[in-house]
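Here's the letter readout for the chains.
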Amino acid sequence: MAKPGFHQRLQALSLRQQQAFMAALTERMLPNYALYADTSGHGDLAGMRAILDLVWEQLTVKDAKIDFDLQAEKLGELEPPQQDDSFGARRALDAVVALSAILDTLRGDAPDAVLEVSKVSKAAVRSFIELTEGEDDAEKLAQLVKQHPLMEDENDFQDAALEAAEEEPSKKHVKALRKLGRNGGVSNLGLTLD
């Protein structure tokens, strides 16, 4: 019998496991937001951090009472300005979109949120490789993206996060996923604030 694929395994996770997986990916995208906020003067890293910390709290504290409608409102204010179409703004927006998807699952029904967050993170890496490699031939570029160390790292990271999320979502496992997501302060694009 064939082993289920990555997307089937993601969709087979309980809602709480999916939320932990998404939180780990969002955690790893946060340095991109931080760099954008730092260089552009737009955005609020502390605000993003606070909302993501509340998500982690919801995953570890059994009876946490958190108003995620309010958090979603606050998150809306942390988006990069719409007129900013820079690469940094788009990558900062990825972190906002990922965090928004988690909040959607905490506020109600968002069955495809886990796939969306996975795809957003991979698409960011693909965009970064396309930007930095300067390859015009579409076939060569596709091959380059597939074999690029950053994309291999992204795939390995998502595999590791999925394996960790498949464990029973105890406090210990959620903390381990959070640490994995922090990734030593290095984002999915290989960027860091240091």
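Just so you know, these numbers come straight off a predicted model, no measurement behind them.

A. Molecular detail of a negative patch on the surface. Together, E152, D156, D159, E163, E167 and E168 make up a region of like negative charge exposed at the surface. Turning to its location among the elements, D156 is positioned in helix α8 (residues 149–166).

B. Representation of the environment of A37 within the structure. On the secondary structure map, A37 appears in helix α2 (residues 15–40). Along the chain, A37 and F68 lie 31 residues apart, while their C-alpha atoms are 23 Å from each other. With sequence-adjacent residues up to four places away left out, A37 is seen in contact with H42 and G43.

C. Representation of unusual backbone geometry within the structure. Of note, N183 is a non-glycine position whose phi angle comes to about 50°, a positive value. Residue position: N183 is located in the segment after α9 (171–182). For N183, a relative accessible area of 26% gives the class partly exposed.

D. Expanded view of the packing of aromatic side chains. According to the stated counting rule, one finds two aromatic pairs in the structure shown. Aromatic side chains F87 and F128 sit 5.9 Å apart centroid to centroid with 40° between the ring planes, which places their arrangement in the tilted category. Here F87, found in helix α5 (residues 87–107), pairs with F128, found in helix α6 (residues 113–133); they are 41 residues apart in sequence, far enough to count as distant. We note R28 situated over the ring of F157; from NZ or CZ to the ring centre the distance is 4.2 Å.

E. Just α8, in detail. The terminal C-alpha atoms of α8 lie 25 Å apart, and with 18 residues this matches the ideal 26 Å at 1.5 Å per residue to within 8%. The set of residues buried in α8 consists of L150, M151, E154, F157, Q158, A161, L162 and A165. Projection of α8 onto a plane perpendicular to its axis shows the buried side chains occupying an angular sector of 135°, all on one side. Structural note: α8 exposes P149, D156 and E163 on the side pointing more than 90 degrees away from its buried face. Of the surrounding secondary structure, the elements contacted by the buried residues of α8 are α1 (6–12), α2, α6, α7 (138–147) and α9.

F. Representation of the pattern of salt bridges within the structure. Here the structure, examined in full by the defined rule, presents eleven salt bridges. Residue D53 is joined to R49 by a salt bridge in which the shortest nitrogen-to-oxygen separation is 3.0 Å. Remark: R49 and D53 occur in helix α3 (residues 45–60); sequence separation between them is four residues, near one turn of the helix. Overall, R49 belongs to the partly exposed group, its relative accessible area being 22%.

Parameters and conventions
The numbering scheme is per chain: residues are counted from 1 as the chain's sequence reads. Thresholds applied to this predicted model are a pLDDT of at least 70 for local features of residues and 80 or more for the giving and counting of side-chain atom pairs; totals over whole chains, interfaces and linings are not thresholded and use all residues. With hydrogens and water excluded, all non-hydrogen atoms of the structure serve as input to the side-chain values. Patch building starts from residues that exceed 30% relative accessible area and form no salt bridge, then joins like charges within 9 Å and nonpolar side chains (Val, Leu, Ile, Met, Phe, Trp, Tyr) within 5 Å. Methods summary: accessible areas were calculated by the Shrake-Rupley approach with a probe of 1.4 Å, and residue burial reflects only the protein chains presented. Within this document, salt bridges are pairs made up of a side-chain nitrogen of Lys or Arg and a carboxyl oxygen of Asp or Glu, the two lying within 4 Å of each other. The convention is simple: Lys and Arg are positive, Asp and Glu are negative, and His and the chain ends are not counted. We put the charge of a Lys on NZ, of an Arg on CZ, of an Asp on CG and of a Glu on CD. Counting from the N terminus, the helices are DSSP H or I runs at least four residues long and the strands are E runs at least two residues long. Any two residues whose heavy atoms approach within 4.5 Å are treated as being in contact. Note on exposure labels: buried denotes an accessible area under 20% of the residue type's maximum, exposed denotes more than 50%, and partly exposed covers the range between, all computed with a 1.4 Å probe on protein chains only. Put simply, two rings from Phe, Tyr or Trp (the six-membered ring, in Trp's case) pair if the centres are within 6.5 Å, and we call them stacked under 30 degrees between planes, edge-to-face over 60, tilted for the rest. By definition, being over a ring means that NZ of Lys or CZ of Arg is both within 6 Å of the ring centre and within 35 degrees of the ring normal. Here the expected length of a helix is defined as 1.5 Å per residue gap, with one fewer gap than residues. Here the arc refers to the directions that run from the helix axis out to each C-beta atom.

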